[in-house]
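Observations on chain architecture
Each chain, letter by letter, is given below.
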Amino acid sequence: MKTLIGTGVALITPFTNNLAVDVEALKRVVNFQVDNGIDYLVILGTTAESATLTKEEKQLVIETVVKANEGRLPLVLGIGGNNTAALIAEIEERDLAAFTAILSVSPAYNKPTQEGIYQHFAAISKASPLPIILYNVPGRTASNMLPETVVRLATEFENIVAIKEAAGDLVQAMELIKNTPDEFLVISGDDMMALPMTLAGGAGVISVIGEGFPKEFSKMIQLGLQREVDAAYDLHYQMAPCIDYIFAEGNPAGIKAVFQSLGICQDNLRLPLVKVSDGLRAKIESFVASI
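The structure contained in this document is the topic of the report that follows. (Residues numbered from 1 in each chain as written. Predicted model: local features only at pLDDT ≥ 70, side-chain atom pairs only at ≥ 80, totals over all residues. Heavy atoms only, no water.)

1. Regarding the overall build of the protein
- Counting its regular elements, the protein contains 13 helices and eight strands.
- In the protein, which comprises 291 residues, the share counted as buried stands at 54%.
- At a minimum sequence separation of 6, the contacts of the protein that also span at least 24 residues come to 71%.
- Side-chain charges of the protein comprise 22 positive and 34 negative groups, with the mean position of each set lying 3 Å from the other. (Helix = DSSP H or I, 4+ residues; strand = E, 2+ residues; numbered from the N terminus. Buried < 20%, exposed > 50% of the residue type's maximum accessible area, 1.4 Å probe, protein only. Contact = heavy atoms within 4.5 Å. Lys, Arg positive; Asp, Glu negative; His and termini not counted. Charge placed at Lys NZ, Arg CZ, Asp CG, Glu CD.)

Encoded structure:
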């Protein structure tokens, strides 16, 4: 899965002032990524506010991104949740022809055991015609997919090809890199840890900050993959303040504030999410102006 090495970005869903999906703004977001060095696009992940999108809106987002992309970059589709049977039905019903892989988050709220997580992804693997990227994000799901569970899945199912690892634990990430099969990709899901994980043997990142600063962040990851450590860390430390800013009051409120500063889309969100505070907005706008 060499197409998944480098920098992927988890696309936002722009909204108009009346909170409809802003199709034209979404096209601008896609072109901004393509034009500035991003390697692949992730549609309908958490950053897309997919939890508040209707089935029809999700289809609209998919159609808009596929059309705007025009086959220029590989596409990954987020299909995740805590109802295994419903996910299998979605995989079986959805047209997946435009996609390279599926990104599927570990079940949230249910707090399954490690065996439950294993059985969940085993069932999804058997149903999926596409390669699967596991997604571990304990801060959102309330359970940590342990390295031994990931190794078990990666070893037993050929179409489970990667993990987006966002536990915020570099030791756990290194354990995954060391113990999973050689062809299995360990992708950072944490922007601040993206470079250290890449240098430790990871395959890059699925990023949020990279969506707002695609040229700088994708260059940093490429330098990391090439083991040009000093130049890569120069970019890391340049980006680090804004990484803190965009997550300070929740995702995707921060990255949408970046996009508004860039003039690409409005920073509208659907409840229960709200816009960033005026103080944080000022910091973000100052950072954007400095780049």
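2. Looking at the layout of surface pockets
- In this structure, the largest pocket spans a volume of roughly 820 Å³.
- Lining the largest pocket are 31 residues, with Thr46, Ser50, Ala51, Gly80 and Val105 positioned closest to its centre.
- For the lining of the largest pocket, the elements supplying multiple residues, two or more each, are helix H3 (84-93), strand S4 (101-105) and helix H5 (138-141).
- Of the residues contributing to the lining of the largest pocket, the split by class is 13 nonpolar, 13 polar and five charged.
- Tyr135, Gly189, Val208, Phe247 and Asn251 are, among the 20 residues lining the second largest pocket, the residues nearest its centre.
- Elements represented by at least two residues in the lining of the second largest pocket include exactly strand S8 (204-207) and helix H11 (229-248).
- Here the lining of the second largest pocket is built from residues that sort into ten nonpolar, six polar and four charged. (1 Å grid on protein atoms, 1.4 Å probe; cavity = no way out; pocket = protein on both sides within 12 Å on 5 of 7 lines; lining within 4 Å. Points joined across faces, edges and corners; volume = space filled by probe spheres on them. Nonpolar A, V, L, I, M, F, W, Y, C, P; charged D, E, K, R; others polar.)

3. Observations concerning the nonpolar core
- In terms of nonpolar packing, the biggest core is built from 80 residues, with Leu41, Ile43, Val65 and Leu134 touching the most fellow members.
- Per element, the largest residue contribution to this core is six residues, and it comes from H11.
- Setting aside anything within four residues of it in sequence, one finds Val65 in contact with Leu11, Leu26, Val30, Leu41, Ile43 and Leu75. (Core = buried A, V, L, I, M, F, W, Y, C linked by side-chain atoms within 4.5 Å.)

4. What to know about the packing of H11 against helix H13 (residues 278-290)
- It is at 10 Å that the axes of H11 and H13 come closest, and there the two elements cross at 150°. Judged on the interaxial angle alone, H13 and H11 are roughly antiparallel. Every pair of crossing elements has a handedness; the one defined by H11 and H13 is left-handed. Two secondary-structure elements touch here, H11 through Gln238, Met239, Pro241, Cys242, Tyr245 and Ala248 and H13 through Leu280, Lys283, Ile284 and Phe287.
- When its residues are assigned to classes, the contact of H11 with H13 shows eight nonpolar, one polar and one charged. (Axes fitted to C-alpha atoms, helices over the stretch in contact; angles between N-to-C directions. Parallel < 35°, antiparallel > 145°, perpendicular 65-115°, else oblique. Left-handed = near helix turned anticlockwise from the far one by under 90°.)

5. Some points on the side chain of Asn36
- For Asn36, the position within the fold is in the loop between helix H1 (23-34) and strand S2 (40-43).
- One polar contact links the side chain of Asn36 to the main-chain carbonyl oxygen of Phe32, over a distance of 2.8 Å.
- Ignoring sequence-local partners within four residues, the contact set of Asn36 consists of Pro214, Lys215 and Ser218. (Polar contact = N/O pair within 3.5 Å; in protein donor to acceptor, adjacent residues only side chain to side chain.)

6. Re the packing of aromatic side chains
- Using the criterion set out here, one finds four aromatic pairs in the structure.
- Pairing Phe213 with Phe287 gives two aromatic rings, centres 5.4 Å apart and planes at 85°, and the pair type is edge-to-face. One end of the pair, Phe213, is in the loop between helix H9 (209-212) and helix H10 (214-225); the other, Phe287, is in helix H13, with 74 residues separating them in the sequence.
- A relative accessible area of 8% means that Phe287 is categorised as buried. (Phe/Tyr/Trp six-rings, centres within 6.5 Å; stacked < 30°, edge-to-face > 60°.)

7. Things to note about helix H2 (residues 55-69)
- Taking 1.5 Å per residue, 15 residues should reach 21 Å; H2 reaches 21 Å between its end C-alpha atoms and fits that length.
- For H2, the complete set of buried residues consists of Glu57, Val61, Ile62, Thr64, Val65, Ala68 and Asn69. End-on view of H2: buried residues confined to an arc of 165°, all on one side of the axis. Counted as exposed and oriented over 90 degrees from the buried face of H2: Lys55, Glu56 and Lys67.
- Where H2 is buried, its residues meet H1, S2 and strand S3 (75-78).
- One or two residues past the end of H2 sits Glu70, with phi positive at roughly 55°. (Expected span 1.5 Å × (residues − 1). Arc of directions from axis to C-beta.)

8. Section: the side chain of Asn69
- Relative to the helices and strands, Asn69 resides in helix H2.
- By relative accessible area, Asn69 is classed as buried at 1%.
- In contact with Asn69, not counting residues within four places along its chain, are Val30, Val34, Leu41 and Leu75.

9. Focus: the environment of Lys27
- Relative to the elements of secondary structure, Lys27 occurs in helix H1.
- Note on Lys27: relative accessible area 28%, which makes it partly exposed.
- Distance in space between the C-alpha atoms of Lys27 and Val61 is 9.8 Å, their sequence separation being 34 residues.
- When sequence neighbours within four positions are dropped, the list of residues in contact with Lys27 reads Thr64 and Ala68.

10. Focus on H13
- For H13, built from 13 residues, the straight-helix expectation of 18 Å at 1.5 Å per residue is met to within 8% by its first-to-last C-alpha distance of 18 Å.
- Every buried residue of H13 is listed here: Leu280, Arg281, Ile284, Phe287 and Val288. Considered in projection along H13, the buried side chains sweep an arc of 125° and stay on one side of the axis. Opposite its buried face, H13 presents the exposed residues Asp278, Ala289 and Ser290, each directed more than 90 degrees away.
- Of the surrounding secondary structure, the elements contacted by the buried residues of H13 are H11 and helix H12 (253-262).

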